[in-house]
Amino acid sequence: MSNREIVDFYLSNGLIQKCIDCQFVKKGKNSIEQQNKDDFFQDLIIILMEYDNEKLNDAVRNGHMNALVTRIIVNNIFSTTSKYYKEYKKYGERAEEITQIMEETIKDEE
């Protein structure tokens, strides 16, 4: 099967979304994490579409698709060197720092 067929199948049966939901519960329920979840979902689809076809088919044949998808998610969202961290988490942390500094400045001016 092609990567597209595999991804379409696991999108339609809900496995990919379920894996994302389960792992992001551990990240927290604040709005930034939920926005990151939606963005990462799109990134995960791209990762799977570009994944080595033989390895992806092997995971399907052996019933390891849940483990593969979960491993990709965990390796991205809980790492400080991943693309996810650099594009979403690090940006969010800096935005929070700027907001905090601005709030402190406003309080000092009052």
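Details of the structure are given in the entry above.
The structure presented is a predicted model; accordingly, all values stated were derived computationally and were not measured. (Residues numbered from 1 in each chain as written. Predicted model: local features only at pLDDT ≥ 70, side-chain atom pairs only at ≥ 80, totals over all residues. Heavy atoms only, no water.)

What follows covers the overall build of the chain. Helix and strand counts for the chain come out as six helices and zero strands. Counting helices and strands in the order they occur from the N terminus, the chain gives α-α-α-α-α-α. Counting over 110 residues, the chain shows a buried share of 33%. Sequence-distant contacts, at least 24 apart, represent 67% of the contacts inside the chain between residues at least 6 apart. As displayed, the chain has an accessible area near 7400 Å², and 51% of this comes from carbon and sulfur atoms. (Helix = DSSP H or I, 4+ residues; strand = E, 2+ residues; numbered from the N terminus. Buried < 20%, exposed > 50% of the residue type's maximum accessible area, 1.4 Å probe, protein only. Contact = heavy atoms within 4.5 Å. Areas by Shrake-Rupley, 256 points an atom, 1.4 Å probe, with all protein chains shown as cover.)

In this structure, Ile16, Phe40, Leu44, Leu48, Met65 and Ile73 are the most contacted members of the largest nonpolar core, which totals 23 residues. When residues of this core are traced back to their parent elements, those giving at least two are helix 1 (3-12), helix 2 (15-25), helix 3 (31-50), helix 4 (53-61), helix 5 (65-77) and helix 6 (83-109). In terms of residue count, the dominant contributor to this core is helix 5 (six residues). Non-local contacts of methionine 65, meaning those with residues more than four positions away in its chain, are made with Ile6, Tyr10, Leu15, Leu48, Leu56, Ala59 and Val60. (Core = buried A, V, L, I, M, F, W, Y, C linked by side-chain atoms within 4.5 Å.)

With that settled, consider the side chain of asparagine 76. Mapped onto the fold, asparagine 76 is located in helix 5. The class of asparagine 76 is buried, set by a relative accessible area of 14%. Within the structure, the side chain of asparagine 76 is placed 2.8 Å from the backbone oxygen of isoleucine 72, a separation counted as a polar contact. Discounting residues that sit within four places of it in the chain, asparagine 76 has contacts with Phe40, Ile47, Ser82, Lys83, Tyr84 and Tyr85. (Polar contact = N/O pair within 3.5 Å; in protein donor to acceptor, adjacent residues only side chain to side chain.)

Turning our attention to the packing of aromatic side chains. In the structure shown here, the tally under the stated rule is two aromatic pairs. Here phenylalanine 9 and tyrosine 10 contribute two aromatic rings whose centre-to-centre distance is 4.9 Å and whose plane-to-plane angle is 90°, an arrangement assigned as edge-to-face. Judged by relative accessible area, which is 45%, phenylalanine 9 ranks as partly exposed. You can call tyrosine 10 buried: its relative accessible area is 12%. When the ring of phenylalanine 24 is compared with that of phenylalanine 40, the centres are 6.3 Å apart and the planes differ by 40°; the resulting orientation is tilted. Note that phenylalanine 24 is positioned in helix 2 and phenylalanine 40 in helix 3, a separation of 16 residues in sequence. A relative accessible area of 1% means that phenylalanine 24 is categorised as buried. (Phe/Tyr/Trp six-rings, centres within 6.5 Å; stacked < 30°, edge-to-face > 60°.)

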